[in-house]
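Remarks on the overall topology
Here are the chains, one letter per residue:
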Amino acid sequence: MGYVSAVPPPRNDAVPEPEHEPEREPRPEAPDSRGGRRSVAVALLLGTLGATVVLLASGRVWARGTTAFGGDSLRLTADGQTVTGLPAALAIVGLAALVAVFAVRGKSRLLVSALLALSGLGAALAAVFAADGRSALDAEAARTTADTAAKVAGMTQTAWPYVTAAGAALILVAGLLALRFGRSWPAMGGRYERDGSPRPRKAAVVDPDRPEDLWKALDRGEDPTSDQGR
């Protein structure tokens, strides 16, 4: 009689290696989302730069001329604030609107974005149409010579009105970007807003051996003996 073993013979079946799971490609980000985040930085840069250029260029000399005074020629100059104060005022409005865009949401953001664009457009038009500066120089001639009939002669213009218009155009572009991508821009303080849901209140631990804890629990309307014996 042959020897019979109760131990089963070892199996030579090779354990199949797990199939390599293909790596998942990252989900491509939406173009509107990427464009919205980029547009925030671009709009802030253009709006701030444009307002700065308008305010600085408005303080420069826009027009020069001469007027007759006592047989001599008197030189006159007029800066942008003297010619027209509208571009500088609209630049300040645009700068305030640029900040306010991030403080509001929904339709309010759309209205503020429109105000930003209109302030840039208005400042550019005011700078271009008031670039002549003749009226301001005539008024300066009358004031300097104390002669209401005095007029300016040999008037020349500088490039500062058109620099002002270029800065205002940057504000306009910032407003157009806000109108196009403003819905996806973050709101100021949005990370710290509460969703209105009640937060769970953690019950205070009451030590039954400490009388002061028992009295504090009774003051809070709690039953200090409810957890005993559990």
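See above for the structure.
Attention here is on the structure that accompanies the text.

Criteria and thresholds
- Residues numbered from 1 in each chain as written.
- Predicted model: local features only at pLDDT ≥ 70, side-chain atom pairs only at ≥ 80, totals over all residues.
- Heavy atoms only, no water.
- Pairing = 2+ DSSP bridges.
- Helix = DSSP H or I, 4+ residues; strand = E, 2+ residues; numbered from the N terminus.
- Axes fitted to C-alpha atoms, helices over the stretch in contact; angles between N-to-C directions.
- Parallel < 35°, antiparallel > 145°, perpendicular 65-115°, else oblique.
- Left-handed = near helix turned anticlockwise from the far one by under 90°.
- Contact = heavy atoms within 4.5 Å.
- Nonpolar A, V, L, I, M, F, W, Y, C, P; charged D, E, K, R; others polar.
- Core = buried A, V, L, I, M, F, W, Y, C linked by side-chain atoms within 4.5 Å.
- Buried < 20%, exposed > 50% of the residue type's maximum accessible area, 1.4 Å probe, protein only.
- Salt bridge = Lys/Arg side-chain N within 4 Å of Asp/Glu carboxyl O.
- Expected span 1.5 Å × (residues − 1).
- Patch = residues over 30% accessible without salt bridge, like charges linked within 9 Å, V, L, I, M, F, W, Y side chains within 5 Å.
- Areas by Shrake-Rupley, 256 points an atom, 1.4 Å probe, with all protein chains shown as cover.

**Some words on the pairing of strand β2 (residues 72-79)**
- Two elements, strand β1 (residues 61-69) and β2, share 8 bridges in a ladder whose sense is antiparallel. Among the inter-strand pairings, arginine 64 is bridged to a residue of β2, identified as threonine 77.
- If you look at the hairpin formed by β1 and β2, you'll find 2 residues sitting between the two strands, and glycine 70 has a positive phi there, around 60°.

**Some words on the sheet that holds β1**
- The strand order β2-β1-β3 describes an open sheet built from 3 strands, whose pairing is antiparallel. Either end of the sheet is taken by a strand with one partner, and the two such strands are β2 and β3 (153-157). Each neighbouring strand pair of the sheet contributes to a mean axis angle of 15°, computed without reference to strand direction.

**Re the packing of helix α4 (residues 106-129) against helix α6 (residues 160-181)**
- Where α4 contacts α6, the two axes come as close as 7 Å, and the packing angle between them is 165°. With respect to α6, the axis of α4 lies roughly antiparallel. Here α4 and α6 pass one another in a crossing that is left-handed. Within the contact between the two elements, α4 uses Leu110, Ser113, Ala114, Leu116, Ala117, Ser119, Gly120, Leu121, Ala123, Ala124, Ala127 and Val128 and α6 uses Pro161, Thr164, Ala165, Ala168, Ile171, Leu172, Ala174, Gly175, Leu176, Ala178 and Leu179.

**What to know about the packing of helix α3 (residues 86-100) against α4**
- In the contact formed by α3 and α4, the axes pass within 8 Å of each other and the chain directions differ by 160°. As far as their axial angle goes, α4 and α3 are roughly antiparallel. As for how α3 packs across α4, the hand of that crossing is left-handed. Across the interface between the two elements, Leu86, Pro87, Leu90, Val93, Gly94, Ala97, Leu98 and Ala100 of α3 pack against Val112, Leu115, Leu116, Ser119, Gly122, Ala123, Ala126 and Ala127 of α4.
- Considering only residue class, the contact of α3 with α4 consists of 13 nonpolar, 3 polar and no charged.

**Remarks on the nonpolar core**
- Leu116, Ile171 and Trp185 are the most contacted members of the largest nonpolar core, which totals 22 residues.
- When residues of this core are traced back to their parent elements, those giving at least two are α1 (31-58), α3, α4 and α6.
- The dominant element in this core, judged by the number of residues it contributes, is α6, at 6 residues.
- Ignoring anything within four residues of it in the chain, the contact list for leucine 116 reads Gly94, Ala97, Leu98, Ile171, Ala174, Gly175 and Ala178.
- Ala136, Leu137, Ala150 and Val152 belong to the second-largest nonpolar core, a separate cluster that totals 14 residues.

**Considering the pattern of salt bridges**
- Across all of its chains, the model carries 1 salt bridge by this definition.
- Across the pair arginine 143 and glutamate 140 runs a salt bridge, and its minimum N-O distance is 2.5 Å. Linking arginine 143 with glutamate 140, this pair stays in helix α5 (residues 134-145), spanning 3 residues, or about one helical turn.

**Section: α4**
- The first and last C-alpha atoms of α4 sit 35 Å apart over 24 residues, in line with the 34 Å expected at 1.5 Å per residue.
- Considered for burial, the residues of α4 that qualify are Arg109, Val112, Ser113, Leu116, Ala117, Ser119, Gly120, Ala123, Ala124, Ala126 and Ala127.
- Next to the buried residues of α4 lie β1, α3 and α6.

**Points about a nonpolar patch on the surface**
- A cluster of nonpolar side chains, contributed by Leu118, Leu121, Leu125, Val128, Phe129 and Tyr162, occupies part of the molecular surface with about 620 Å² of accessible area.
- With 5 residues, α4 is the single largest residue contributor to the nonpolar patch.
- Relative to the helices and strands, phenylalanine 129 is located in helix α4.
- Judged by its relative accessible area of 69%, phenylalanine 129 is exposed.

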